[in-house]
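Working through the structure, step by step
The chain contents come next:
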Amino acid sequence: MSTSRIIDGVPVQEHYRDVDHQFVSAKEGIWLFMVTEILMFGGLFVGYAIYHMKYPEMFAEGARFLDWRLGFVNTLVLIFSSFTMALGIYFCQMNQMKKAVWALAVTVLCGAIFMVIKYFEYTHKFHMGIFPGNMLNLPFLNEHLASIGEKPVVSSNLGLYFGFYFCMSGLHGIHVLLGMGLITWCLFRCARGDFKPNYYTAVEGVGIFWHIVDLIWIFLFPLLYLVG
Amino acid sequence: MGHAPEGSNYINVQKGLWSWLTTLDHKRIGILYFVTVMFFFLVGGIAALLLRGELFAANTTANVGQILANGDIYNQVLTYHGAIMVFMVIVPGIPAILGNFFLPLQIGAKDVAFPKLNLASWYCLMLGAALAIATMFTTRVDTGWTFYTPYSIRTGTAVSMMVVAAFIMGMSSILTGLNFIVTVHKLRAPGMTMYRMPLFVWSLYSTAIIQVLATPVLGITLLLLVMERAFGVGIFDPKLGGDPVLFQHFFWFYSHPAVYIMILPAMGIISELITTFSKKTIFGYTAIAYSSLGIAAVSFFVWGHHMFVSGQSEVAGIVFSFLTMLVGVPTAIKMFNWISTLYKGSVEFRTPMLYALGFLFLFAIGGVTGIMLAVTAVDVHFHDTYFVVAHFHYVMVGGTLMAIMGGFFYWFPKMFGKMYNESTARLSWVFIFIGFNVTFFPQFILGAMGMPRRYFDYIPAYEPLNRISTVGSWLIGIGFLFGLYTIINGLISGQKAPKNPWGSKTLEWEADSPPSVHNFDHEPVVTAGPYEYK
């Protein structure tokens, strides 16, 4: 039965001894959940590794259609957002809640910038007829390439690369959106005065999630954009 | 909540359906799982009886003994039998019902680490199950529970919906596992060291590790299958250079460890039953505890034995064959320790013990035939025959289901505060045990004769053994009806159960029957191991 009592001004569920006991348990739970996230992406990374070994030239050709500059900007944006997320947690610990709210707001904003850039990347590809897998319109794409004076596509199975591209970056994008939602939730709770220097579990947990999402992107960027 | 009044327990503390649907009490959540999983078991069981009924007679074209209209319907019933029994019965069965109820009690905790997450995991299972059952009213699914590509990509049936359902149920499994790991790490009572934990807790802990590490891989595999169906991403599609066999690799990377998600907690129950009803300290506590972890570790490296005929390399086949046989080592350690515990113990043949002994007998057959199948040369002959069907039913039904029944009767007095009727309970065991052997032993022979699995019909030469097998399935059905009767009868008119009817030494028996909302009146302080019988 889970009922809470107040210890040191913090609601502590009955089955925990004290504030810290509750905090470290929650944190372990979050870390375990992160393990599952990494293993889930792990499936995609393994698939990527296998097919990259089989068709290295196809992956190289696919990366040609990705703009590494946009990917690089996005990488910087996410790394910066990880920094502001960490700042948010730091300010919570220091009891500077106004600054914490600002730090979280900047983090959400960075997430939004990332998604906007991603949106332009996706739509640009759709315009060229680039879709995942069987939906990739190769004749249309070649026509487009001819019109701008570039050489046509060699790999007949380019769609497989974009199957990976859209699955990996898409699943990552969903996580960014989820993270933005969760950070916004923390932001509102922080502004409402829910958190204290000895109680900021939600910010800490969401922070760990956000760092992992960033970390996954740091692997995706070279694998997808720089592989050529 | 202040101090509960005298005589109040977790069942009567609040009334009404709503109080159950919103409960955060691990014991009540265990009961929620119990009711729903029993319902799924009924559905999956009816499917099994239909399949066996159809196979009662060969040559269905002559309309003799034809129960299902055609092969398509047979394939669908087969898929639902497998998917329901795996994802909705055996995987959640022990951890979510008995684990939820007894893990906190056995380590002296007031609850699991994350009670809200615990309830959320039940709702995940419900949502997934609702979706899965809803597919029955659409185009249905005919892929078998394994969803092998390329057929699962091409078939026009409701595969995507079923796969999403399995994904959500996987989520439920992950949340339960995560909750249990943190509970074991953080919520043990003072003095409850890791080596004083009951072996059921050790087995749940090992299971939870597999749930957390393996299930996400199933998650991504199923998502990719949905993507494949929706957008043709090509990863499992040979047309784009993708590989359908990769699906098998991914699928079994989860689903083989999942086999141990199903069997490890069962082994934990058996450890409890054997020591309690022998009135003797368990033999080789540490060896049993570590063998659970050992099985969990090895389980991640044996998936290729499902794929000996899939075209994987011969070297891979040999390595997987060797690694698979390795599973036999920790498993045998458990078996021999249980048998050594029985030796010179004062064995009491109560119903739970009968189920435990049944487990030893059946699981030995299931395990040894597993080693046979691990030999590549043998497997090439037996692959996709009834020999395999018999093997995994001996492990899953003869092992896990026997343990669930044994564990359930063992803890029934604690869960509901009433005693069950010993003679009807024993009768259920007799029918299930005999029925089980009558059903599945002939399938070993059928498999050796070459009868392929998953077929709607067969040649007349297979008919006599199939008839025996079908009759056996009726016996099992009758056995479970007796079991159900025993439960209902016990709930209505069972005698009041004492705190510790079996004289067990583990901590849950120090709580009231049924336990109070807070489990224990005072936080227990543990000063001795779990099985210190004099």
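These numbers come from a predicted model, not from an experiment.

1. Observations regarding the overall build of chain B
Within chain B, the secondary structure is distributed over 15 helices and zero strands. Here chain B has a C-alpha radius of gyration of 23 Å; the compact-globule value for 534 residues is 24 Å, and the two agree. Its C-alpha atoms give chain B principal-axis dimensions of roughly 65 × 50 × 45 Å. Considering chain B as a whole, with its 534 residues, one finds that 56% of them fall into the buried category. In chain B, 84% of the contacts between residues at least 6 apart in sequence involve partners at least 24 apart.

2. Describing the overall build of chain A
Across its full length, chain A holds seven helices and two strands. Ordering the α and β elements of chain A from the N terminus gives β-β-α-α-α-α-α-α-α. Taking the principal axes of its C-alpha atoms as reference, chain A extends roughly 70 × 30 × 25 Å. Taken across its 228 residues, chain A has 38% of its residues classed as buried. For chain A, the share of sequence-separated contacts (at least 6 apart) that also reach a separation of at least 24 residues comes to 71%.

3. Here we look at the pairing of strand 2 (residues 10-13) of chain A
Residue and element names in this part refer to chain A. Both strand 1 (residues 4-7) and strand 2 contribute to a ladder of four bridges, which runs antiparallel. The residue bridging Ser4 from the neighbouring strand is Gln13, located in strand 2. Counting the residues in the hairpin turn of strand 1 and strand 2 gives two residues, including Asp8, whose phi is positive at 50 degrees.

4. Topic: the interface of chain B and chain A
Taken together, the contact pairs 39 residues of chain B with 31 residues of chain A. Among the elements of the structure, helix 6 (159-186), helix 7 (199-231) and helix 8 (244-278) of chain B are those that each provide at least two residues to the side of chain B that touches chain A. Taken together, the residues of the side of chain B that touches chain A sort by class into 25 nonpolar, eight polar and six charged.

5. Concerning the nonpolar core
Residue and element names in this part refer to chain B. In terms of nonpolar packing, the biggest core is built from 222 residues, with Ile181 and Ile270 touching the most fellow members. With 21 residues, the single largest contributor to this core is helix 3 (residues 71-106). Not counting residues within four places of it along the chain, the set of residues in contact with Ile270 comprises Trp338, Ala356, Phe359 and Ala403.

6. Side note on the environment of Thr139(B)
All names here are of chain B. Within the secondary structure, Thr139 is located in the loop between helix 4 (115-134) and helix 5 (151-154). The partly exposed category is assigned to Thr139, around which 14 C-beta atoms lie within 10 Å. For the pair Thr139 and Gln76, spaced 63 residues apart in sequence, the C-alpha to C-alpha distance is 9.8 Å. If we ignore the near neighbours within four places in the chain, the residues touching Thr139 are Gly156, Thr157 and Ala158.

7. Things to note about the packing of helix 3 of chain B against helix 13 (residues 386-416) of chain B
Geometrically, a packed helix pair is captured by the angle between its two axes and the distance between the axes. Residues and elements named next belong to chain B. Where helix 3 contacts helix 13, the axes come no closer than 11 Å and their chain directions differ by 20 degrees. Classified by the angle their axes make, helix 3 and helix 13 are roughly parallel. When the axes of helix 3 and helix 13 are compared, the crossing they make is left-handed. Between helix 3 and helix 13, the residues in contact are Ile90, Gly93, Ile94, Leu98, Phe101 and Phe102 and Met396, Thr400, Ile404, Gly407, Trp411 and Met415, respectively. When the residues that make up the contact of helix 3 with helix 13 are grouped by side-chain class, the tally is nine nonpolar, three polar and no charged.

8. Digging into the packing of helix 1 (residues 19-54) of chain A against helix 6 of chain B
Where helix 1 of chain A meets helix 6 of chain B, the axes come as close as 10 Å, and the angle between the chain directions of the two elements is 140 degrees. The orientation of helix 1 of chain A relative to helix 6 of chain B falls into the category oblique. The handedness of the crossing between helix 1 of chain A and helix 6 of chain B is right-handed. Only Ile174(B), Leu178(B), Ile181(B), Val182(B), His185(B) and Lys186(B) of helix 6 of chain B make contact with helix 1 of chain A, whose side of the interface consists of His21(A), Ser25(A), Glu28(A), Gly29(A), Leu32(A), Phe33(A) and Thr36(A). Residues belonging to the contact of helix 1 of chain A with helix 6 of chain B are distributed by class as follows: six nonpolar, five polar and two charged.

9. Side note on helix 8 of chain B
All names here are of chain B. Here helix 8 is 35 residues long and its end C-alpha atoms lie 51 Å apart, about the 51 Å a rise of 1.5 Å per residue gives. At Trp252, helix 8 shows its strongest bend, of approximately 35 degrees. Taking burial as the measure, the 35 residues of helix 8 include 32 buried ones, the bulk of the element. Backbone geometry just downstream of helix 8 places Lys279 in the positive-phi region, at approximately 50 degrees.

10. Quick word on unusual backbone geometry
All names here are of chain B. Each neighbour pair has its own omega, and for Thr149 with Pro150 the value is 0 degrees, a cis peptide bond. By the element assignment, Pro150 lies in the loop between helix 4 and helix 5. Look at the link from Ser513 to Pro514: it is a cis peptide, with omega at -10 degrees. If you trace the backbone, Pro514 turns up in the segment after helix 15 (463-493).

11. Some thoughts on helix 15 of chain B
All names here are of chain B. Between its first and last C-alpha atoms helix 15 spans 45 Å; for 31 residues at 1.5 Å apiece the expected length is 45 Å, and the two agree. Along helix 15, the positions that sit buried rather than exposed are Asn466, Ser469, Thr470, Gly472, Ser473, Ile476, Gly479, Gly483, Thr486, Ile487 and Gly490. Packing partners of the buried residues in helix 15 comprise helix 2 (26-54), helix 13 and helix 14 (422-449).

Rules behind the numbers
Residues numbered from 1 in each chain as written. Chains lettered and ligands numbered in written order. Predicted model: local features only at pLDDT ≥ 70, side-chain atom pairs only at ≥ 80, totals over all residues. Helix = DSSP H or I, 4+ residues; strand = E, 2+ residues; numbered from the N terminus. Rg over C-alpha atoms; globule rule 2.2 N^0.38 Å. Buried ≥ 20, exposed ≤ 12 C-beta atoms within 10 Å, placed from the backbone. Contact = placed C-beta atoms within 7 Å. Pairing = 2+ DSSP bridges. Nonpolar A, V, L, I, M, F, W, Y, C, P; charged D, E, K, R; others polar. Core = buried A, V, L, I, M, F, W, Y, C linked by C-beta atoms within 7 Å. Axes fitted to C-alpha atoms, helices over the stretch in contact; angles between N-to-C directions. Parallel < 35°, antiparallel > 145°, perpendicular 65-115°, else oblique. Left-handed = near helix turned anticlockwise from the far one by under 90°. Expected span 1.5 Å × (residues − 1). Bend = angle between axes of the 7 residues up to and from the residue.

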